[in-house]
Amino acid sequence: MAKLSQPYAGPLSHDITALAPILVDLAPGSLRGLRAEQPGLHEVLAELTKSLPIFGDAAGVGPQLHQELTTCNDNLARIRAAQSVVAKWREVLDESYAYYAHEREVVIGQVADAVKSSARRKDTSLLAPFEKTVAYNSQVGLRAAKTRKKNADAAIADGASEE
């Protein structure tokens, strides 16, 4: 597992203070019903960037809508840049958490194995102070054995019902 890990080399801080004027906090459930980007958006934006300044007035689309579109695009680009940093942080935090949870489980397993071995070879009373540790470490194996037995019994019952 250690060979698969590497230290995180990306940014550890990112200031979004400049985004404060454009950030919104919607009430719970408010995202439902909001429109989202659809396939073909990039082509539409390219067309509008080209056509609105030339043909907007003739089509009844004033310059304020063109400016609003430009502002939305700029705001989205700024937010997307911050989101990519935060998404990477989330990924790194999730992976780091999983890595250290795994390492902790490995250490608990090593302790349980050492205790069981010492109890078997030296003194069975060593199991008492580590009773919860040994039981915790054994629970996955016990569950797996129970599932295998249940599946085997089900296979036997299926075989008997087919006859």
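Residues numbered from 1 in each chain as written. Predicted model: local features only at pLDDT ≥ 70, side-chain atom pairs only at ≥ 80, totals over all residues. Heavy atoms only, no water.

A. The arrangement of the overall build of the protein in detail. Helices and strands together make up the secondary structure of the protein, namely 3 helices and 0 strands. Listed by position from the N terminus, the elements making up the protein come as α-α-α. At 30 Å, the protein has a C-alpha radius of gyration far larger than the 15 Å of a compact globule built from 163 residues. Counting the 163 residues in the protein, one finds 9% classified as buried. For the protein, contacts bridging at least 24 residues in sequence account for 59% of all contacts bridging at least 6. Accessible area for the protein stands at about 13,800 Å²; split by element, carbon and sulfur atoms hold 60% of it. (Helix = DSSP H or I, 4+ residues; strand = E, 2+ residues; numbered from the N terminus. Rg over C-alpha atoms; globule rule 2.2 N^0.38 Å. Buried < 20%, exposed > 50% of the residue type's maximum accessible area, 1.4 Å probe, protein only. Contact = heavy atoms within 4.5 Å. Areas by Shrake-Rupley, 256 points an atom, 1.4 Å probe, with all protein chains shown as cover.)

B. Expanded view of helix α1 (residues 41-55). Its 15 residues give α1 an end-to-end C-alpha distance of 20 Å, which sits within 8% of 21 Å, the value for a rise of 1.5 Å per residue. Its axis deflected by about 30 degrees at L48, α1 carries its strongest bend there. (Expected span 1.5 Å × (residues − 1). Bend = angle between axes of the 7 residues up to and from the residue.)

C. Examining the pattern of salt bridges more closely. For the structure on display, the rule yields 4 salt bridges. E37 is the salt-bridge partner of R80, the closest N and O atoms lying 3.5 Å from each other. Taken together, the residues R80 in helix α2 (residues 63-121) and E37 in the segment before α1 connect sequence positions 43 residues apart. One salt bridge connects E91 with K88, and the closest N-O pair in it is separated by 3.3 Å. Of this pair, E91 and K88 both sit in helix α2, separated by 3 residues, roughly a single helical turn. The class for E91 is partly exposed, based on a relative accessible area of 35%. (Salt bridge = Lys/Arg side-chain N within 4 Å of Asp/Glu carboxyl O.)

D. Quick peek at the packing of aromatic side chains. Enumeration according to the criterion identifies 1 aromatic pair in this entry. Ring geometry for Y99 and Y100: centres 4.9 Å apart, planes at 85 degrees, overall edge-to-face. The buried category is assigned to Y99, whose relative accessible area is 18%. (Phe/Tyr/Trp six-rings, centres within 6.5 Å; stacked < 30°, edge-to-face > 60°.)

E. Focus on the environment of A81. Note on placement: A81 falls in helix α2. A81 sits in the partly exposed class, given a relative accessible area of 43%. Remark: the alpha-carbon pair of A81 and K150, spanning 69 residues in sequence, is separated by 51 Å.

F. Representation of the environment of E95. Within the secondary structure, E95 sits in helix α2. Spatially, the C-alpha atom of E95 lies 23 Å from that of Y136, the residues being 41 residues apart in sequence.

G. Geometry of α2. Between the first and last C-alpha of α2 there are 86 Å, a value that for 59 residues agrees with the 87 Å anticipated at 1.5 Å per step. Buried residues of α2: A82, V85, V92, Y99, G109, A112, V115, S117 and A119, and no others.

H. Local environment of the packing of α1 against α2. Direction vectors running N to C along α1 and α2 enclose 150 degrees, while the axes themselves pass 11 Å from each other. Every pair of crossing elements has a handedness; the one defined by α1 and α2 is left-handed. For the pair α1 and α2, the contacting residues are L45, L48, L52 and P53 in the first and H66, L69 and N73 in the second. Class assignment of the residues belonging to the contact of α1 with α2 gives a composition of 5 nonpolar, 2 polar and no charged. (Axes fitted to C-alpha atoms, helices over the stretch in contact; angles between N-to-C directions. Left-handed = near helix turned anticlockwise from the far one by under 90°. Nonpolar A, V, L, I, M, F, W, Y, C, P; charged D, E, K, R; others polar.)

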